[in-house]
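# Understanding the architecture of this molecule
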Amino acid sequence: QLDPENTGFIGVETFASLVHSHELPLDPAKLDMLVALAQGNDEGQVCYQELVDLISSKRSSSFKRAIANGQRALPRDVLLDETGLGFYKRFVRYVAYEILPCEMDRRWYFYQHRTCPPPVFMAAVTLIQIIVFLCYGARLNKWVLQTYHPEYMKSPLVYHPGHRARAWRFLTYMFMHVGLEQLGFNALLQLMIGVPLEMVHGILRISFLYLAGVLAGSLTVSITDMRAPLVGGSGGVYALCSAHLANVVMNWAGMRCPYKLLRMVLALVCSEYLGGHALQPGASGPQPSFMAHLAGAIVGISMGLTILRSYEESLQDQCGWWVLLLSYGTFLLFAVFWNIFAYDLLGAQIPPPP
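Cut-offs and rules
Residue numbering note: each chain is counted from 1, following its sequence as written. For this predicted model, a pLDDT threshold of at least 70 governs which residues receive local features, and a threshold of 80 or more governs which side-chain atom pairs are given and counted, while totals over whole chains, interfaces and linings are taken from all residues. For the side-chain quantities, the full set of heavy atoms in the structure was used; hydrogens and water were omitted. UniProt positions are given in the numbering used here, feature names are shortened, and annotations may be inferred rather than shown by experiment. Numbering goes from the N terminus for both helices and strands, where a helix is a DSSP run of H or I of at least four residues and a strand is a run of E of at least two. Axis definition: a line fit to C-alpha positions, over the contact stretch in the case of helices; interaxial angles, taken between N-to-C directions, run 0 to 180 degrees. Relative orientations are named as follows: roughly parallel for angles under 35 degrees, roughly antiparallel for angles over 145 degrees, roughly perpendicular for angles from 65 to 115 degrees, and oblique for any other angle. Every residue pair with non-hydrogen atoms within 4.5 Å of one another is taken to be in contact. For this classification, the nonpolar set comprises Ala, Val, Leu, Ile, Met, Phe, Trp, Tyr, Cys and Pro, the charged set comprises Asp, Glu, Lys and Arg, and every other residue, Gly included, is treated as polar. Relative accessible area decides the class of each residue, using a 1.4 Å probe on protein chains only: under 20% of the type maximum gives buried, over 50% gives exposed, and in between gives partly exposed. In the analysis that follows, any N or O atom pair within 3.5 Å is treated as a polar contact, provided that within protein one partner can donate a hydrogen and the other can accept it, and provided that, for residues neighboring in sequence, both atoms belong to side chains. Helix span, as expected, comes to 1.5 Å for every residue beyond the first. Side-chain atoms within 4.5 Å are what join buried Ala, Val, Leu, Ile, Met, Phe, Trp, Tyr and Cys residues into a set we call a nonpolar core. Boundaries between domains were set according to an automatic or database domain assignment. By convention the crossing between two helices is left-handed if the near helix lies anticlockwise of the far one by an angle smaller than a right angle, and right-handed if it lies clockwise. By definition, a residue's bend is the angle between the axes fitted to the seven residues ending there and the seven starting there.

### A look at the UniProt feature "transmembrane region" (unreviewed entry) in the protein chain
Under the UniProt annotation, "transmembrane region" (unreviewed entry) lies at residues 120-139, 170-191, 203-223, 235-254, 290-308 and 320-341. For residues 120-139, the end-to-end C-alpha separation is 28 Å, with 100% helix and 0% strand making up the annotated structure. For residues 290-308, helix accounts for 100% and strand for 0%, while the C-alpha atoms at its two ends are 25 Å apart.

Now the structure itself:
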C-alpha cells in the first residue's frame, strides 16, 4: 500500500508515521541509523533492502558509502553521552573511540558488538610467548638475555639461516624472546593495541596482519642479513602498531580517543627503544633484527591501513587490497627463491647451526 509502484522506496516521513502508528519494536539506535541513511540520498527515502539489512545486523559497502556521502549528524547525541552503562559496555565504547574515526561506525560497532567470538588470537599468542619464555627460563635458569645460553639457540622454534629449509621457523621464531625486557614490551603492546583492534576488526583480519608482519620480518632478515639468527615477535608487533598509528594520523580530526597525542608519543618512544635495543653494538648473542622491525612497519602501514579503513566492508571489492596482496605475494615468492638459490650462488658463509 505504501509503495504501489513497487520501487523499493518510501518517504522517510511515511516510514516514521508507520513506526509510530503501529508501535513497531525497532531498536532506537537502528532507527536513527536508518533515518541518517535516508538523509544520504537525494529523495530522502527509506530503502526496503537497507531496512532488511539493518534489522538483520548486516551492512553492505553501499550502506556505508550512503552514510559517508550523506548527512553524518545523527538525531541523538554522540555515543560518549550514553549514561547508565555497565563496566563492559563502557569498555566497548572506549574501544570504539580508540579504533574508529567515524561516529556512525562507532555507534554501529557499539550496538552490534557481541561477546562471541571473543578476541582470542592476540591473547593466545601472548600467552604462548609467556609460557615458552618461562619454560626456557626455568630450564636454563636464565631470565635475562636467554640467547646468550648456547642451549637456547638449539630450540626448534628459532629461525637460523642454517635451518632455513625448516619453513616453520620463519613463523615460530615469534614465540622466542631475548629476555624479560623484550617480552614485556611486546606483550604489553600486543594486548593494549592488538586486542582492541581484534575486537573491532575480527580475528581473521588482525591475525593475518600480525602473521604477515612476522613472516615479512624473518624473510627480510634472510635476504638482508644472511648470517643472522632471529628471535622475537617484534615484526608482528610493529605491523599492529604502525597500522594503528597510521590510522590515527590519517584520521586525526575524527579520532576521539583520550590523550591521543600523548599516547602516540609514548608508542613511538617504545618503538624507538625496541629498535635501539636491536641495534646494540658489541652484542655477541643473536638479537632481534632492525630489518624485522622495518619490514613489520612497512606491512602495517601499507596492508594494515587498508584493513583498518575498511571496517565492515568487504576487502575483496577493493582494487587496492588486491594490489597489496599481489605485492606481498611477489615479495614472498622472491624471498622463497632467494632462500633456495642465493646462499649457494653467493657463497654465503653461514654460521654452523646449533
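### Observations concerning the packing of helix α9 (residues 180-201) against helix α10 (residues 203-224)
Relative orientation of the contacting elements α9 and α10 amounts to 140°, with a least axis distance of 7 Å. By the angle between their axes, α9 is oblique relative to α10. Contacts between α9 and α10 pair Gln190, Gly194, Leu197, Glu198 and His201 from the former with Ile203, Arg205, Ile206 and Tyr210 from the latter. Partitioning the contact of α9 with α10 into residue classes produces four nonpolar, three polar and two charged.

### Examining the side chain of Ser155
Here Ser155 lies in the loop between α7 (120-140) and α8 (169-172). For Ser155, a relative accessible area of 2% corresponds to the buried category. Of note is the side chain of Ser155, whose polar atom sits 2.7 Å from the side chain of Tyr136.

### Concerning helix α11 (residues 234-250)
With 17 residues, α11 ought to run about 24 Å at 1.5 Å a step, and its terminal C-alpha atoms sit 23 Å apart, in line with that. Within α11, 15 of the 17 residues are buried, which leaves the element mostly enclosed by the surrounding structure.

### Describing the environment of Leu183
Mapped onto the fold, Leu183 is located in helix α9. Considered as a pair, Leu183 and Phe133 are 50 residues apart in the sequence and their alpha carbons are 8.1 Å apart. The contacts of Leu183, once residues within four sequence positions are left out, are Gln129, Ile130, Phe133 and His177.

### A closer look at the nonpolar core
A general tendency of soluble globular proteins is for nonpolar side chains to be buried together. Tyr109 and Tyr210 are the most contacted members of the largest nonpolar core, which totals 62 residues. Elements supplying a minimum of two residues to this core: α5 (87-99), α6 (103-112), α7, α9, α10, α11, α13 (290-308) and α14 (319-346). The element that contributes the greatest number of residues to this core is α10, accounting for nine residues. Two domains share this core, each providing at least three of its residues, namely domain 2 (80-116) and domain 3 (120-346).

### Comments concerning the packing of α7 against α9
Angle between the axes and distance between the axes are the two parameters that describe a pair of packed helices. It is the contact of α7 with α9, at a shortest axis distance of 8 Å, that shows an interaxial angle of 165°. The pairing of α7 with α9 is recorded here as roughly antiparallel in orientation. At the point where α7 passes α9, the crossing takes the left-handed sense. Counted together, Val120, Phe121, Met122, Ala123, Val125, Thr126, Gln129, Ile130 and Phe133 of α7 and Leu180, Leu183, Ala187, Gln190, Leu191, Gly194, Val195 and Glu198 of α9 form the full contact between these two elements. Of the residues belonging to the contact of α7 with α9, the class tally is twelve nonpolar, four polar and one charged.

### Digging into the side chain of Asn247
With respect to the helices and strands, Asn247 occurs in helix α11. Overall, Asn247 belongs to the buried group, its relative accessible area being 2%.

### A few points about α13
Taking 1.5 Å of rise per residue, the 19 residues of α13 would be expected to cover 27 Å, and the 25 Å separating its terminal C-alpha atoms lies within 8% of that figure. Maximum bend of α13: about 30°, positioned at Ile301.

### Here's the deal with the environment of Gln129
Structurally, Gln129 can be placed in helix α7. Judged by its relative accessible area of 0%, Gln129 is buried. Along the chain, Gln129 and Asn186 lie 57 residues apart, while their C-alpha atoms are 9.6 Å from each other. Excluding residues that lie within four positions of it along the chain, Gln129 makes contacts with Met174, Phe175, His177, Leu183, Gln190, Tyr210 and Gly233. For Gln129, the side chain forms a polar contact with the main-chain oxygen of Met174, separated by 2.9 Å. Engagement of the side chain of Gln129 in a polar contact is seen with the side chain of Tyr210, the distance being 3.4 Å.

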